[in-house]
Amino acid sequence: MRVAVVTGAGSGIGAATAVVLARQGFTVACLDLDGAAAVRTADGLGPAHLALAVDVGDEPAVVAAFEAVGARYGRVDALATCAGITDTTPFMDATAEQFMHVYRVNVVGTFLCIREAVRRMERGARICTVSSVAGLRGGGLFGQAAYSASKGAVLALTRNAARAFAERGIAVNGVCPASIATPMMTALLEDDAKREALLAGVPLGRLAAPEEAAEAIAWLLSPRASYVHGETLVVDGGIMMR
Ligand SMILES: NC(=O)c1ccc[n+]([C@@H]2O[C@H](COP(=O)([O-])OP(=O)(O)OC[C@H]3O[C@@H](n4cnc5c(N)ncnc54)[C@H](O)[C@@H]3O)[C@@H](O)[C@H]2O)c1
């Protein structure tokens, strides 16, 4: 049995990642702040899979969730850290409190899940984080200061984890998505002008389905990516070229 933990598994990219990983033979622990959504995803995968309600920014809750995964399955072979929140507050309106809130989920949450997963990982295990094109180029699409900064931090955290766990034979990589049609993007996509502006910047000329980001994550979590380490795979329909 190969065991994967997917955070943010209740919606969007995380839910799609859970489906793709289950299809590839993983038993999946679906973690989400929204426990009912996590249950919906896990139930859709079948009886062997697990749902846990957890706030990834809450250290004792994350420790307890991974203990529950360890107690049930005894190991973790793959981790996808898809839980995240956005923030569209313009730079001059942002407060320290908002900044800390976004960091708590996107950065501290990613850190805590990696740390607790690694405690249960053996050689050959793999981790994929979820940053954003906003982290590479400082926003410009949707998220503003706090979001962009948090996703830049996820990039550095991913590389630091790749350095820290290379000797243990644990591969750590990340994806940088953009323009994936998920509930996070709903407010943007419902505004025709913003939607058109977004699409004008995508060379492929369309948004992606969540599964298209999930496939990239699943590849980085597979042995097919055996010599890829500390790398970031951009999944953006070509936005970074513009
Ligand atoms: N959709 C895009 O175009 C896009 C682009 C770049 C990056 N991303 C990143 O992809 C990841 C997934 O986003 P999505 O688009 O699927 O959004 P989404 O809103 O559909 O899904 C995010 C999930 O994370 C969960 N979550 C939020 N806070 C949490 C917390 N504290 N603890 C546990 N779970 C929590 C939510 O309940 C939700 O189920 C995020 O990190 C996001 O920043 C998305």
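Residues numbered from 1 in each chain as written. Predicted model: local features only at pLDDT ≥ 70, side-chain atom pairs only at ≥ 80, totals over all residues.

Draft legend 1. Spatial organisation of the overall build of the protein. Within the protein one finds nine helices and seven strands. Relative to its length of 242 residues, the protein is compact, with a C-alpha radius of gyration of 17 Å against a globular reference of 18 Å. Taking the principal axes of the C-alpha coordinates as reference, the protein spans close to 50 × 35 × 35 Å. Across the 242 residues of the protein, 50% fall into the buried class. (Helix = DSSP H or I, 4+ residues; strand = E, 2+ residues; numbered from the N terminus. Rg over C-alpha atoms; globule rule 2.2 N^0.38 Å. Buried ≥ 20, exposed ≤ 12 C-beta atoms within 10 Å, placed from the backbone.)

Draft legend 2. Inspection of the environment of A65 at higher detail. Structurally, A65 can be placed in helix α3 (residues 59-73). When the C-alpha atoms of A65 and V118 are compared, they prove to be 14 Å apart, with 53 residues separating the residues in sequence. What A65 contacts, discounting residues up to four positions off in sequence, is L31, L52 and V54. (Contact = placed C-beta atoms within 7 Å.)

Draft legend 3. Fine view of helix α9 (residues 210-220). Here α9 has its buried residues at P210, A213, A214, A216, I217, A218 and L220. Contact partners of the buried residues in α9: α1 (12-23), β4 (78-81), β5 (126-130), β6 (171-177) and β7 (232-235).

Draft legend 4. Seen up close, the site of the ligand. Taken together, 32 residues form the shell around the ligand, and within it G8, S11, G12, G84 and M184 come nearest. Elements with a contribution of two residues or more to the shell around the ligand: α1 and α4 (96-118). For the shell around the ligand, the element with the highest residue contribution is α1, accounting for three residues. Looking at the shell around the ligand residue by residue, the class counts come to 16 nonpolar, 13 polar and three charged. (Near = placed C-beta within 6 Å. Nonpolar A, V, L, I, M, F, W, Y, C, P; charged D, E, K, R; others polar.)

Draft legend 5. Just the nonpolar core, in detail. Residues V6, L21 and C30 are the most contacted members of the largest nonpolar core, which totals 80 residues. When residues no more than four places from it in sequence are discounted, the contact partners of L21 are A4, V6, F26, V28, A78, A218 and L221. (Core = buried A, V, L, I, M, F, W, Y, C linked by C-beta atoms within 7 Å.)

Draft legend 6. Examining the packing of α1 against α9 more closely. Here α1 crosses α9 at 55°, and the two axes come no closer than 8 Å. In terms of axis orientation, α1 runs oblique to α9. Where α1 crosses over α9, the handedness of that crossing is right-handed. Across the interface between the two elements, G12, I13, A15, A16, T17, V20 and L21 of α1 pack against P210, E211, A213, A214, E215, I217 and A218 of α9. Split into classes, the residues belonging to the contact of α1 with α9 amount to 10 nonpolar, two polar and two charged. (Axes fitted to C-alpha atoms, helices over the stretch in contact; angles between N-to-C directions. Parallel < 35°, antiparallel > 145°, perpendicular 65-115°, else oblique. Left-handed = near helix turned anticlockwise from the far one by under 90°.)

Draft legend 7. Focus on the environment of G201. Its location among the elements puts G201 in the loop between α8 (192-200) and α9. Under the C-beta neighbour-count criterion, G201 is labelled partly exposed, with 15 such atoms within 10 Å. Sequence separation between G201 and M241 is 40 residues; the distance between their C-alpha atoms is 9.6 Å. With residues up to four places along the chain from it excluded, the contact list for G201 reads I239 and R242.

Draft legend 8. Structural detail: the sheet that holds β4. Ordered by their spatial adjacency, seven strands build an open sheet running β3-β2-β1-β4-β5-β6-β7, and the pairing between neighbours is parallel. This sheet does not close on itself; its edge strands, each paired only once, are β3 (50-53) and β7. Recorded for the sheet is a direction-independent mean angle of 15° between the axes of neighbouring strands. Alignment of β4 against β5, held across four bridges, turns out to be parallel. (Pairing = 2+ DSSP bridges.)

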